[in-house]
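Chain and residue survey
Letter by letter, the chains look like this.
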Amino acid sequence: MATSHTFSTSSDQPKKILRVGIIGLGEIAQVNHISLLNNLSSHFLTTYLCDPSPLALAHCSKKVAGGVPKTTSNPEELVSSPLVDVILLCNANAFHAPHCTLALSHNKSVLCEKPLALNYRDIDAIIAAEEKSQGRVFVGYQRRYAEAFLDAVKEVGGVEKVQYARVRDIIGPNPTFVAQSGTFPQKFADFKKEDTEEMMAKDEEAMKYALEHDYGVKVTAASMDMARLLASLGSHDLSAMRELLGMPTSVLGASLQHHSPIWSVLFQYPSFPCTYESGINNVPIFDAHIEVYSNEKIVRVDYDTPYVKGLPVMMTVRERIDNGEREGDGYQERTVRKTYEDPYMLEFLEFYRVVVEEKEPKTGARDARQEVDLWKMILKAGFPAA
């Protein structure tokens, strides 16, 4: 699938080193992705960078280990280069769909930061392109690759019946966490006016198309803002909820007040409800967790900010146990931290396996299409037709 360098392990078995082209050099690329690829030098080598900002290209080129990468402001140049095996997309949301299809047209696999697309039209175009391509789409839902989350999936799968679930992601301002990450990202504003205008126009067109054609929701400032929030912050939570619990059957209610920093949704599953609450305030904590209740056991996964390395994802299991001769009269609480390996690293390693072993990713394009299904359900409940 990919033309690659090789190296020898301690057992002299050759492995592929995938050459990576990164499109988009904003916050997440600088805080996490470039340094992570440097650390995974036995798996990846960054060979090409693309961004509309010349200053960002110059700055990030100095951060790449293993050689000086080529740079360009033209995505087509990077994607078509024989120096690139796989594409990492972490640019503006509006460009995810066209750049995914561009990568697939060159038979190259792509790790795309969420959201993959903002409407059915664009995500279906990606699925169609993937069917004709040797490449694969891998969506960056990194929370679903955390060891604690995978353990929770097994724990919940073993319960007789779920009674209730809660999904929460109420966090402080992201710049607070970034400033304390020790990565010192830089923001640049040397974009061409036409590049900024193109990005804004594409984003607005994609969001309006989703609201009008896919969701049947009136286009207003409030519905546009909420659609963007669900596609950004909301994607992490809703994607993990889908893997842990499956798809809900309906939305019983949604509070999506304009200019309110926190929103809430009540999902209905076949035999239990699930609350989803999310938003941003000024308290510098990261209150993100999923908790599932059953008759005998309560399973919870807690996430901290992924921008500060070394903060583990934890699973807590509270359950009824036997107490000597009295059956089921006792209680135990287990807090499990299997690893300090962060979800981003585990995600990138799985992306590597998907490409090298030609596997189907669990967070692929068809999986991501269900995200659009959820946005539709939430927005129709929160902005009912008059």
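Our subject is the structure listed above.
1. Some details on helix 6 (residues 147–157)
Taken as a whole, helix 6 has its buried residues at Ala148, Phe149, Asp151, Ala152, Glu155 and Val156. Relative to the axis of helix 6, the buried residues are bounded by an arc of 160° and lie together on one face. Those residues of helix 6 that are exposed and angled more than 90 degrees off the buried face are Lys154 and Gly157. Buried-residue contacts for helix 6 involve strand 8 (162–171), helix 10 (233–245), strand 12 (286–294), strand 13 (297–303), strand 14 (314–323) and strand 15 (326–336).

2. Thoughts on the sheet that holds strand 10 (residues 262–268)
Spatially, 9-10-11-8-12-13-14-15 is the arrangement adopted by the eight strands of the open sheet, whose pairing is mixed. Looking at strand neighbours, the two that pair on one side only are strand 9 (250–255) and strand 15, the edges of this open sheet. Ignoring strand direction, the axes of neighbouring strands in this sheet form an average angle of 15°. Sheet topology note: the strand 12/strand 13 ladder contains six bridges and is antiparallel. Each residue of the ladder has a partner; that of His289, found in strand 13, is Asp302. Strands strand 9 and strand 10 of the sheet are contacted by helix 12 (residues 365–382), whose axis makes an angle of about 55° with strand 9.

3. A few points about the nonpolar core
Ranked by size, the top nonpolar core spans 82 residues in total, and within it Ile87, Leu116, Ile126, Met241, Leu245, Phe267 and Leu379 carry the most contacts. The leading source of residues in this core is helix 12, at seven residues. Other than its neighbours up to four places away in sequence, Met241 contacts Val167, Gly246, Pro248, Phe267, Tyr269, Cys274, Ile290 and Leu374. Formed by 34 residues, the second largest nonpolar core is a distinct cluster that contains Val31, Leu49, Leu57 and Leu88.

4. Looking at the pattern of salt bridges
The final tally for this structure, using the stated rule, is 30 salt bridges. A salt bridge links Glu277 to Arg168, with the nearest nitrogen and oxygen atoms 2.6 Å apart. Of this pair, Glu277 sits in strand 11 (residues 273–280) while Arg168 sits in strand 8, and the two are 109 residues apart along the sequence. On the basis of relative accessibility, which here comes to 19%, the residue Glu277 falls in the buried class. Looking at Arg168, the relative accessible area reads 24%, which means it is partly exposed. A salt bridge links Glu371 to Arg242; its shortest N-O distance comes to 2.8 Å. One end of the pair, Glu371, is in helix 12; the other, Arg242, is in helix 10, with 129 residues separating them in the sequence. Put simply, Arg144, Arg242, Glu243, Lys362, Asp367 and Glu371 are held in one network by salt bridges that share partners.

5. Things to note about the state of the cysteines
Cysteine pairs can be covalently joined through their sulfur atoms, and such a bond is termed a disulfide. Enumeration over the complete set of coordinates arrives at zero disulfides. Of all cysteine sulfurs, the one in Cys90 lies closest to Cys60, which takes part in no disulfide; the gap is 9.1 Å.

6. Looking at the packing of aromatic side chains
Counted by the stated rule, this structure contains eight aromatic pairs. Look at Phe138 and Phe351: their rings are 5.5 Å apart centre to centre, the planes differ by 70°, and that puts the pair in the edge-to-face class. Of this pair, Phe138 sits in strand 7 (residues 137–140) while Phe351 sits in helix 11 (residues 343–356); the two residues are 213 residues apart in sequence, bridging distant segments of the chain. Accessibility classification places Phe138 together with Phe351 in one group, the buried group. Taking the centre distance of 5.7 Å and the plane angle of 70° together, the rings of Phe177 and Phe286 count as edge-to-face. Of this pair, Phe177 sits in helix 7 (residues 174–179) while Phe286 sits in strand 12, placing them 109 residues apart in sequence. Taken as a pair, Phe177 and Phe286 share a single burial class, namely buried.

7. Quick word on the packing of helix 5 (residues 120–131) against helix 8 (residues 193–215)
Two numbers describe how helix 5 lies on helix 8: the axes approach to 9 Å, and their chain directions differ by 105°. The angle between helix 5 and helix 8 places the two elements in the roughly perpendicular class. Note on element contacts: helix 8 touches helix 5 through Glu205, Ala206, Tyr209 and Asp214, opposite Tyr120, Arg121 and Asp122.

8. Considerations on the packing of helix 1 (residues 27–39) against helix 11
Where helix 1 meets helix 11, the axes come as close as 11 Å, and the angle between the chain directions of the two elements is 55°. Compared by their axis directions, helix 1 and helix 11 come out oblique. Seen along the crossing, helix 1 lies across helix 11 with a hand that is right-handed. Here Ile28, Asn32, His33, Leu36 and Leu37 of helix 1 lie close against helix 11, whose contacting residues are Tyr344, Met345 and Phe348.

Cut-offs applied
- Residues numbered from 1 in each chain as written.
- Predicted model: local features only at pLDDT ≥ 70, side-chain atom pairs only at ≥ 80, totals over all residues.
- Heavy atoms only, no water.
- Buried < 20%, exposed > 50% of the residue type's maximum accessible area, 1.4 Å probe, protein only.
- Helix = DSSP H or I, 4+ residues; strand = E, 2+ residues; numbered from the N terminus.
- Arc of directions from axis to C-beta.
- Contact = heavy atoms within 4.5 Å.
- Pairing = 2+ DSSP bridges.
- Axes fitted to C-alpha atoms, helices over the stretch in contact; angles between N-to-C directions.
- Core = buried A, V, L, I, M, F, W, Y, C linked by side-chain atoms within 4.5 Å.
- Salt bridge = Lys/Arg side-chain N within 4 Å of Asp/Glu carboxyl O.
- Disulfide = S-S within 2.5 Å.
- Phe/Tyr/Trp six-rings, centres within 6.5 Å; stacked < 30°, edge-to-face > 60°.
- Parallel < 35°, antiparallel > 145°, perpendicular 65-115°, else oblique.
- Left-handed = near helix turned anticlockwise from the far one by under 90°.

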